[in-house]
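Structure assessment
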2 protein chains.
Amino acid sequence: MKMNEGVEWAMHSCVNLSWAPGEAVTAKRLAAFYNLPTAYLNKQLQALTRAGILSSVSGPKGGFQLARDPRNISLLDIVVAIDGPDDAFRCMEILKEGPGADARADYTKVCVISQAMRGAELTYRRELASRSIADIADEVVRLNPSAPDNTRSRFANLKS
Amino acid sequence: MKMNEGVEWAMHSCVNLSWAPGEAVTAKRLAAFYNLPTAYLNKQLQALTRAGILSSVSGPKGGFQLARDPRNISLLDIVVAIDGPDDAFRCMEILKEGPGADARADYTKVCVISQAMRGAELTYRRELASRSIADIADEVVRLNPSAPDNTRSRFANLKS
DNA sequence: GACAGGGTACTCGGATACGTCCTGTCCGAGTTACAACGG
DNA sequence: CCGTTGTAACTCGGACAGGACGTATCCGAGTACCCTGTC
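Read on for an overview of the structure. From a predicted model like this one, the values you see are computed outputs, not experimental measurements. (Residues numbered from 1 in each chain as written. Chains lettered and ligands numbered in written order. Predicted model: local features only at pLDDT ≥ 70, side-chain atom pairs only at ≥ 80, totals over all residues. Heavy atoms only, no water.)

Thoughts on empty space enclosed by the protein
- Considering all chains together, one arrives at 3 cavities of 30 Å³ or more under this definition.
- The calculated volume of the largest cavity comes to roughly 80 Å³.
- As for the largest cavity, its lining consists of Met1, Ala88, Glu121 and Tyr124 of chain A together with Met1, Ala88, Glu121 and Tyr124 of chain B.
- Listed by contribution, the elements that provide at least two residues to the lining of the largest cavity are α6 (112-129) of chain A together with α6 (112-129) of chain B.
- Across the lining of the largest cavity, the residue classes break down as 6 nonpolar, no polar and 2 charged.
- By volume, the second largest cavity is sized at about 40 Å³.
- Taken together, Ala88, Phe89 and Arg90 of chain A together with Met3, Asn4, Glu5 and Glu8 of chain B form the lining of the second largest cavity. (1 Å grid on protein atoms, 1.4 Å probe; cavity = no way out; pocket = protein on both sides within 12 Å on 5 of 7 lines; lining within 4 Å. Points joined across faces, edges and corners; volume = space filled by probe spheres on them. Helix = DSSP H or I, 4+ residues; strand = E, 2+ residues; numbered from the N terminus. Nonpolar A, V, L, I, M, F, W, Y, C, P; charged D, E, K, R; others polar.)

Below you can see the structure in the form of structure tokens.
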């Protein structure tokens, strides 16, 4: 049970983008920020664009920017966009092969084990849904007030 | 982010074993219960044995049984035994490549994103740790009182 | 000097290999029961 | 009849292939800028 590496990159990139509003930042600069492979990060940014989290523009002066207010982008949105919407625990309804099975029953709902696992994942997703990119950015600013300026200046230096 | 298939098998097998205390049940019979591949289920049961959840005996009259009281076996124990102890989200500390990075800092602890993800997974694991195999078994009995007898008789029928 | 048109450079987007881990299978080590044999 | 010994069958345990998905990369589609030529 391991999550895609790109989730971490996507989250950091979204926080950085929240500090450069109205400006299209290229995948190249976003990748250079943390020495990440450009093409692969681009792939993740594409997924975020398909999910409606980012908006993209091609060509010179092109790049990515947040498609909506960072208060409306939750960590869960990013996880779902990159890692997919499926739950980690997939009930294969093996009870259907057991004794006294009812072919009509939906064992993903009936099976007690499935219920417990789904419940646990639900609390996990709820927790992620309650945290927005804006919350993260605010917390970072609280710990390091110069972070937004540092990000913007670094974007500027990487412009060449 | 998908969990090993074997987790589901292991949980169902542990519940069934809780209804056959003191009896060594072979992997063959446990697999026949749900038409699962015997050798692969055996692999999962081996993992549970290494984790101290089951005890195994070789040879004729051999098999597996719960190594301790089902009240002391949590769903988290099984997940950890089969799927490994690592968190799904792995902070690769990409901030170390960023501007103003501190090589001495442990960014798995400092990074706000890492904190948020770890916090969410903690609630998930807490939820799983709070549910024991005995709890699951009791709930199944409440919904279907004849389940333990059905399981025992099926084990007996599969003895040949 | 101003404007139109073509070319060029730059960026996103999807299609294409590579590596790792889950899935599935097989054969050997260990142990018990049984049967045969001798006392 | 009872004890002993050897054999055989059965089970767990770890080592061995196959496939799916995450990781990484490359080339084509689209767009804005710039340079050139003309009015």
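Following the structure, the description resumes.
Describing the packing of aromatic side chains
- Under the criterion given, the structure shown has 7 aromatic pairs over all chains.
- Taking the centre distance of 4.9 Å and the plane angle of 65 degrees together, the rings of Phe33 of chain B and Tyr34 of chain B count as edge-to-face.
- On the accessibility criterion, Tyr34 of chain B (5% relative accessible area) is buried.
- Taken together, the ring pairs in this structure connect Phe33, Tyr34 and Phe155 of chain A into an aromatic cluster.
- The ring of Phe33 of chain B carries Arg154 of chain B above its face, with NZ or CZ at 5.1 Å from the centroid. (Phe/Tyr/Trp six-rings, centres within 6.5 Å; stacked < 30°, edge-to-face > 60°. Buried < 20%, exposed > 50% of the residue type's maximum accessible area, 1.4 Å probe, protein only. Lys NZ or Arg CZ within 6 Å of the ring centre and 35° of its normal.)

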